[in-house]
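Analysis of the macromolecular model
Read off the chains here:
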Amino acid sequence: MAGGGKRKRLSLSKLYSFACGKTSLKGDQSQMGSPGFSRVVHCNEPDCFEAKIRKYSSNYVSTTKYNVATFLPKSLFEQFRRVANFYFLAVGVLAFTPLAPYTAVSAIFPLIVVVGATMVKEGIEDWKRAQQDIEMNSRKTRLHQGDGTFKSTGWKNLRVGDIVKVKKDEYFPADLLLLSSTYDDGICYVETMNLDGETNLKLKQALESTAFMHEDSYYQDFKALIKCEDPNTNLYSFVGTLEFEQNLYPLSPQRLLLRDSKLRNTEYIYGAVIFTGHDTKVMQNSTAPPSKRSKFEKQMDKVVYFLFFVLFLMAFIGSIVFGVATDNDLDGQRMKRWYLKPDQSKIFFDPKRVVMASVYHFLTALMLYNYFIPISLYVSIEVVKVFQSSFINNDINLYYEPSDRPARSRTSNLNEELGQVDTILSDKTGTLTCNSMEFLKCSVAGTAYGHGVTEAERGMAMREGESVNGWDQSKDPSAANPHIKGFNFKDERIMDGKWVHEPQAHIIEKFFRLLAICHTAIPDVDEETGKISYEAESPDEAAFVIAAREIGFEFYKRTQTSVAVREYNPETGSKVERVYTVLNVLEFNSARKRMSVIVRNEEGKLLLLSKGADSVMFERLAKSSRSFEEETRNHVSEYADSGLRTLILAYRELDEEEYRIFNQKFTEAKNSVSADRETLIDEAAEKVERNLILLGATAVEDKLQEGVPACIDKLAQAGIKIWVLTGDKMETAINIGFSCCLLRQGMKQIIINLENPEILSLEKTGDKDAIAKASKENVLRQITDGKALLTGPSGTAEIFALIIDGNSLSYALADDMKHMFLDLAMSCASVICCRSSPKQKALVTRLVKIGTRKTTLAIGDGANDVGMLQEADIGVGISGVEGMQAAMASDVAIAQFRYLERLLLVHGHWCYRRLSSMICYFFYKNIAFGFSIWLYEAYTSFSAQPVYGDWFLSFYNVFFSALPVAALGIFEQDVSAASCLKYPLLYQEGVKNLLFGWRRVLHWLGNGFYTAIVVFFFCSTALQHQAFNPDGKTVGMDVLGGTMYTSIVWAVNLQMALSVCYFTKIQRGLIIYCLVMLYIFFLGFGSLSPSLSAIGYKLFSEVLAPAASYWFTCILVITVALLPFYAYSAIETRFFPMYHQMIQRLESGKHDDDPEYCDMMRQRLLQAPTSVGFSARLAARANKLRRKNKNQPQ
């Protein structure tokens, strides 16, 4: 690295005059030792007695749901909190008593299989999390051994007080106090992308008292004592003191290096471990892996509760009727139910003990009617969900080839929730964006340059069916040169030195010279190739320097007091080297919204070069330099509407006296240690940054991931609300909002922040209680004002966006204010939360989840998003450049945000449709079977004698009805994938829960009761009081049971055939298999000895098959049982169609001869007005154009 060693010895404090101020011992440091500030760290002495008695946590981190000790009890609890599993556990216990109408093994074995299979699945999923933890804890770092040497060790071995050495591009293994670095003044650069999502580098600086210790040997005898705050969730605060060589030094957040942030642009640093493991700030912001249960499953439990009520009611009615009948059994010497032999009964039919007989009958009935509660439902759902997850994992349309990453469904418990998402809460950096800035366009002297096109513009053009009239170097295979990171600009008017021929060439020269000088980037020259790369605090700053280089102004060297630029000389046509002396750097911050440098050129002129937001720069222009201000404003507005980040560039010349006065005041302000130091600096800068001369504007694209605007537009059309939760600054987040079409020109913005004079003045006093009280009142007032805007004059059709910063959010999430905040947010079309900590992201997610009671989905790619992913109903991790922490903590992992469209609209809808149909059908077939048993019980005065034999009872759910319903859950498709994407409104079936709401569930339950009634009464009536065969024999329980059993098996399987939309060969084959197996079972079981087959002995071959009345009765019963469902479906489809039924009719083409009807259905399906997305932006433009034309005079 050319110049690398020399550069590392530069003292850069002067360049960072705002960031590297001194900290006073006054204020928070006085709290050391009080509650909340009790941590004591003995540096380089982790084994001393004082350190050991404090028993700080180790650096081992676990994110698993279970461990060896808790797996069995916790997993069993998870299984038996399912009400059906608990019921079958109770039934299994009762099965070991004489009350059971069947053997104990047949009752308990299915439960063991169901619970065991689910526990194995849970264990495998958690083991994958444990493997990730093992990998994390085994990462290597260099630990001081006590003799001035450092050796490699695992992260998990670190203890509080250890001294570690971290090298460039490595992650910090714990929260460290920065002691020194390879820079003389102890500064280092840190990337906190994993913590707050920001890609710009943060500057950290060690104390002057330890900054000299930049060699291993210095730490052999190093001893120091740190007293600081206890572990907490605040990423942006740290209070403590360092006692070193009998001197006390204050500590601030600038000295703290947080775990999971990365060292950049610095060869190595030394640090003392302060917080370890779960005490680190990133882990304090994380939450324990939750036990997620889908709303679908919870509602299924409610249906099971309802069936329990019906079961208990039937058992209670039966026991009452049985008790009354038993009490009347003995009338003197006459026995009414002589076949039950009540005179010989000990308890069950003893007329002398009627009450106990009724109680025992009640318990027996609970076991006999357990077919109402399908135990196989849960294991069937588990199997079906595994197949559904495999479809997601193997979907080629969700595979990202550049990184070789397919989609991964990491837990199958929540598949159906993907089809019911109401709100998406998304991270920004790495999720919506690519973590890169590209110089795309510029406006110089009122002339627009650059032919680039943004993702937002590309999406709008596709929506309108137009070609994209723009250029993208990264997508242009004909480009002569390879794509340059940070530079996506093309304009033949100024490229390749042609700018010299432009009418305003002198302004263009000053414009790009300003970009080459006004920054704090550091050049890095490759010794082998001579190519220059740049290390900058922010990616947009790097993009500016690269753009200047490509146009002909190459920044190639920086010293402590100067920058060197190779400039294109218009006169000679060659490059000349110029050196500019850097006198002052006035840094950018959120209040100033601009950055300036004061330099002296080789001619001795003093120049103030400034770049900043249009909101602060236009007002600082000199009145004589506004000749092309209007054109520049128009260009800036166009750039912003395309989602580009804009900055205004301006300059002025200073005279020597003016600069002398400024520099004196600025130097005094920098060296001030008073509370109003920042104000003094701002005032000094304010006086010099005025009367500027406008040069133009830059337009940089915070590069969105491919397809993000189109995906957001489609999700918005599906009725899904989208929130952005980011750790970035408000300006950055707003720009991205425009880029991805969540914001648009004309949308009213409700901005909630605490940057007002009242709060700023209170902050100078340091009165925390007063600041907190005033801040809370201020946020409450802003929320109230926002709600008043929403409820403004009737008839207004204004669309609002809510934008709130992290400080305000901490008050808005308080218990007494959070519901007001949520009401305001849910009434806005877009919500953007800026400067949000990981904990705040999780709290916002929880608020939306609990407050709306709708399904929430969180999506992110960094460790700072883990809490949010775990708190949401569904967590989707992006397996991107920020590592795999989010992906490993997620429920589903995808490689790109745009895949969310297919994941939700296709797989989500299909999974919801499949499971809702499967569960409803499961309840239907079990009620049809179980209620027929109860009806026969009622017919026989509840004698606890089932109409079907034991093996008939057992095999009904195993061989004769199980496989088709499983195939329904795996393969069912109501519409094609293309139609799911074409008609996103279809997704609302899941959001509104139309397919598994109580109305639909009761419809299927009613159909089950109806089928059982038809089967029993038609069979019993048709076969009663007549000869059943030529021998003149009448019907007994065996014949009636066989006929009813045949009718039910046929009815439920044909019902399946009627309700399936996607009738595959597998589905058809399984239905036929079940029906064929029925007769094979009849024949095979009937051929066994009478002691095994009992009433089934030769039942079919010798009794049922030869009898015509058996076949006639079955056909009649099946037809009558299915007719109402067929009629209802036909009427609903024709006159009251649901979304999927409309699409089915359009796909089938059956109504091509009725174009008006088809157009009506298409309009209903496409009628999805949205407030965000480029569709909404196009609609807003069209409305604006219509209003303009309407107002024009005819």
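In what follows, the structure referred to is the one given above.
All of the points below concern the structure found in this document. All values derive from a computational prediction rather than experimental measurement. (Residues numbered from 1 in each chain as written. Predicted model: local features only at pLDDT ≥ 70, side-chain atom pairs only at ≥ 80, totals over all residues. Heavy atoms only, no water.)

1. Looking at the overall build of the protein chain
Heads up, the condition is: Only DSSP runs of H or I reaching four residues or more are called helices, and only runs of E reaching two or more are called strands; each is numbered from the N terminus. Residue burial is assigned from relative accessible area. The probe radius is 1.4 Å, only protein chains are included, and a residue is buried under 20% of its type maximum, exposed over 50%, and partly exposed in between. In what follows, residue pairs with any heavy atoms lying within 4.5 Å of each other are defined as contacts. Here, Shrake-Rupley sampling with a 1.4 Å probe gives the accessible areas, and only protein chains in the shown set may cover a residue.
Of regular secondary structure, the protein chain possesses 40 helices and 35 strands. The burial tally for the protein chain puts 58% of its 1194 residues in the buried class. Expressed as a percentage of contacts within the protein chain between residues at least 6 apart in sequence, the contacts between residues at least 24 apart total 74%. Total accessible area on the protein chain is roughly 49600 Å²; 56% of this is exposed by carbon and sulfur atoms.

2. Looking at the nonpolar core
The condition is simple: By nonpolar core is meant a set of buried Ala, Val, Leu, Ile, Met, Phe, Trp, Tyr and Cys residues that side-chain atoms within 4.5 Å join together.
Judged by nonpolar contacts, the single largest core of 105 residues is most densely connected at Y369, I373 and Y948. Here this core takes 16 residues from helix α27 (residues 899-939), the largest share from any one element. Other than its neighbours up to four places away in sequence, I373 contacts A84, Y87, F88, V304, L307, F308 and L311. Counting 78 residues, the second largest nonpolar core, distinct from the first, contains C518, A521, F553 and L609.

3. Digging into the side chain of S389
As a reminder, the rule being used: Under this definition, polar contacts are N or O atom pairs within 3.5 Å; protein pairs additionally need one hydrogen-donor-capable and one acceptor-capable atom, and for neighbouring residues in sequence, both atoms have to be side-chain atoms.
By secondary structure assignment, the location of S389 is in helix α10 (residues 375-393). Exposure remark for S389: the relative accessible area of 6% places this residue in the buried category. A polar contact is formed between the side chain of S389 and the side chain of N415, at a distance of 3.3 Å. Filtering out sequence-adjacent residues up to four positions away, S389 remains in contact with S409, S412 and N415.

4. Digging into the packing of helix α32 (residues 998-1022) against helix α37 (residues 1108-1135)
Here is the rule: What counts as an axis is a line fitted to C-alpha atoms, over the stretch in contact for a helix, and the angles between N-to-C directions run from 0 to 180 degrees. Orientation labels follow simple angle bins: below 35 degrees gives roughly parallel, above 145 gives roughly antiparallel, 65 to 115 gives roughly perpendicular, and whatever is left gives oblique. Crossing handedness follows the turn of the near helix against the far one: under a right angle anticlockwise gives a left-handed crossing, and clockwise gives a right-handed one. Under the scheme applied, nonpolar residues are Ala, Val, Leu, Ile, Met, Phe, Trp, Tyr, Cys and Pro; charged residues are Asp, Glu, Lys and Arg; polar residues are all the others, including Gly.
One way to put it is that α32 packs onto α37 with a least axis distance of 9 Å and a crossing angle of 155°. Taken together, the axes of α32 and α37 lie roughly antiparallel to each other. Read as a crossing pair, α32 and α37 show a hand that is right-handed. Two secondary-structure elements touch here, α32 through H1003, W1004, N1007, Y1010, T1011, V1014, V1015, F1018, C1019 and A1022 and α37 through T1113, L1116, V1117, V1120, A1121, P1124, F1125 and Y1128. For the contact of α32 with α37, a count of residues per class yields 14 nonpolar, four polar and no charged.

5. Here's the deal with the packing of aromatic side chains
Any pair of aromatic rings gets described here by the distance separating the centres and the angle formed by the planes. Here is the rule we go by: A pair of aromatic rings is counted whenever rings of Phe, Tyr or Trp (Trp by its six-membered ring) have centres within 6.5 Å, and the orientation is called stacked for planes under 30 degrees apart, edge-to-face for over 60 and tilted otherwise.
Throughout the structure, instances matching the rule amount to 54 aromatic pairs. For the pair F238 and F275, a centre-to-centre distance of 6.4 Å together with 90° between the ring planes defines the contact as edge-to-face. In this pair, F238 sits in the loop between β8 (224-228) and β9 (240-244) while F275 sits in strand β13 (residues 268-275), placing the two residues 37 residues apart along the sequence. Exposure class is identical for F238 and F275. Each is buried. On the numbers, 6.1 Å between centres and 70° between planes, the contact of W499 with Y568 is edge-to-face.

6. Side note on helix α38 (residues 1139-1148)
Burial analysis of α38 places seven of its 10 residues in the buried class, the great majority of the element. Listed as buried for α38 are Y1139, H1140, Q1141, M1142, I1143, R1145 and L1146.

7. A short note on the pattern of salt bridges
We count it as follows: In the sections that follow, a salt bridge refers to a side-chain nitrogen of Lys or Arg positioned within 4 Å of a carboxyl oxygen of Asp or Glu.
By the definition in use, this model includes 41 salt bridges. R159 serves as the salt-bridge partner of D47, at 2.2 Å between the closest nitrogen and oxygen. Of this pair, D47 sits in the loop between β1 (39-43) and α2 (49-54) while R159 sits in the loop between β3 (150-154) and β4 (163-167), and the two are 112 residues apart along the sequence. Judged by relative accessible area, which is 45%, D47 ranks as partly exposed. Here R264 and E191 are joined by a salt bridge, their closest N and O atoms 2.5 Å apart. With R264 in strand β12 (residues 262-264) and E191 in strand β6 (residues 187-191), this residue pair connects regions lying 73 residues apart in the sequence.

8. Concerning the sheet that holds strand β26 (residues 606-612)
Quick reminder of the rule: Two strands form a pair only when DSSP identifies at least two bridges running between them.
Read across the sheet, nine strands follow the order β19-β18-β28-β27-β26-β25-β24-β23-β22 without closing on themselves; strand pairing throughout is antiparallel. Each having just a single partner strand, β19 (447-449) and β22 (553-558) make up the two edges of the open sheet. Sheet twist, expressed as the mean angle between neighbouring strand axes with direction ignored, is 30°. Relative to β19, strand β18 (residues 433-444) runs antiparallel, the two sharing three bridges. In the sheet register, V444 faces β19, and the bridge partner there is T447.

9. Considerations on the pairing of strand β28 (residues 693-704)
With respect to burial, β28 is a largely interior element, 11 of its 12 residues being buried. Summarising the sheet, β18 and β28 pair through eight bridges and their orientation is antiparallel. By the bridge assignment, F439 is partnered in β28 with V700. Bridge count between strand β27 (residues 645-654) and β28: seven bridges; the pairing is antiparallel. Each residue of the ladder has a partner; that of A650, found in β28, is L694.

10. Observations concerning the packing of helix α4 (residues 83-94) against helix α8 (residues 295-327)
The geometry of α4 relative to α8 is characterised by a closest axis approach of 9 Å and an angle of 40° between their N-to-C directions. Residues V83, A84 and Y87 of α4 touch α8, and the partners they reach there are D301, V304, Y305, F308 and L311. Broken down by class, the residue content of the contact of α4 with α8 amounts to seven nonpolar, no polar and one charged.

11. Concerning the environment of R408
One can find R408 in strand β16 (residues 408-409). Look at R408 and you get partly exposed, because its relative accessible area is 41%. Residues R408 and I894 lie 486 residues apart in sequence; the distance between their C-alpha atoms is 6.5 Å.

12. Concerning the sheet that holds strand β35 (residues 892-894)
Reading across the sheet, the nine strands line up as β16-β35-β34-β33-β17-β29-β32-β31-β30 and stay open at both edges, with mixed pairing between neighbours. Looking at the sheet topology across the chains shown, the edges are occupied by β16 and β30 (748-752). Against the sheet, helix α24 (residues 838-852) contacts β17 (421-426), β29 (721-725) and β33 (855-860), and its axis sits at roughly 160° relative to β29.

13. Observations concerning unusual backbone geometry
Located in the positive-phi region is Q246, a residue other than glycine, with phi close to 65°. Position of Q246 among the secondary structure elements: in the loop between β9 and β10 (247-251). Although it is not a glycine, D496 sits at a positive phi angle of roughly 55°. Tracing the backbone through its elements, the reader meets D496 in the loop between α11 (455-464) and α12 (505-517).

14. Here we look at α27
To keep it simple, the criterion reads: A helix is expected to span 1.5 Å for every residue after the first. Think of it this way: the bend at a residue is just the angle between two axes, each fitted to seven residues, one set ending at that residue and the other starting at it.
Taking 1.5 Å of rise per residue, the 41 residues of α27 would be expected to cover 60 Å, and the 58 Å separating its terminal C-alpha atoms lies within 8% of that figure. The largest bend along α27 measures about 30° and falls at G908. Taking burial as the measure, the 41 residues of α27 include 39 buried ones, the bulk of the element. Taken from the residues just after α27, S941 is the one with a positive phi, measuring 55°.

15. Focus on a nonpolar patch on the surface
Heads up, the rule is: Residues enter patches when their relative accessible area tops 30% and they take part in no salt bridge; the joining distance is 9 Å for like charges and 5 Å for the nonpolar side chains Val, Leu, Ile, Met, Phe, Trp and Tyr.
Together, F306, F309, L313, F316, I317, I320, V321, V324, W998 and L1002 make up an exposed nonpolar region whose accessible area comes to about 890 Å². Of all the secondary structure elements, the ones that give two or more residues to the nonpolar patch are α8 and α32. With eight residues, α8 is the largest single contributor of residues to the nonpolar patch. If you trace the backbone, V324 turns up in helix α8.

16. Some words on the environment of L680
Positionally, L680 belongs in helix α17 (residues 677-688). Sequence-wise, L680 and A669 are 11 residues apart; in three dimensions their C-alpha atoms are separated by 5.3 Å.

17. Considerations on the pairing of strand β7 (residues 201-205)
Consecutive side chains along a regular strand alternate between the two faces of the sheet. For β7, the tally of buried residues reaches five of five residues, placing the bulk of the element in the interior. Of the two faces of β7, the one lined by L201, L203 and Q205 and the one lined by K202 and K204 are each fully buried. Sheet analysis places β6 next to β7, joined by five bridges and oriented antiparallel. Counted as the bridge partner of E191 is L201 from β7.

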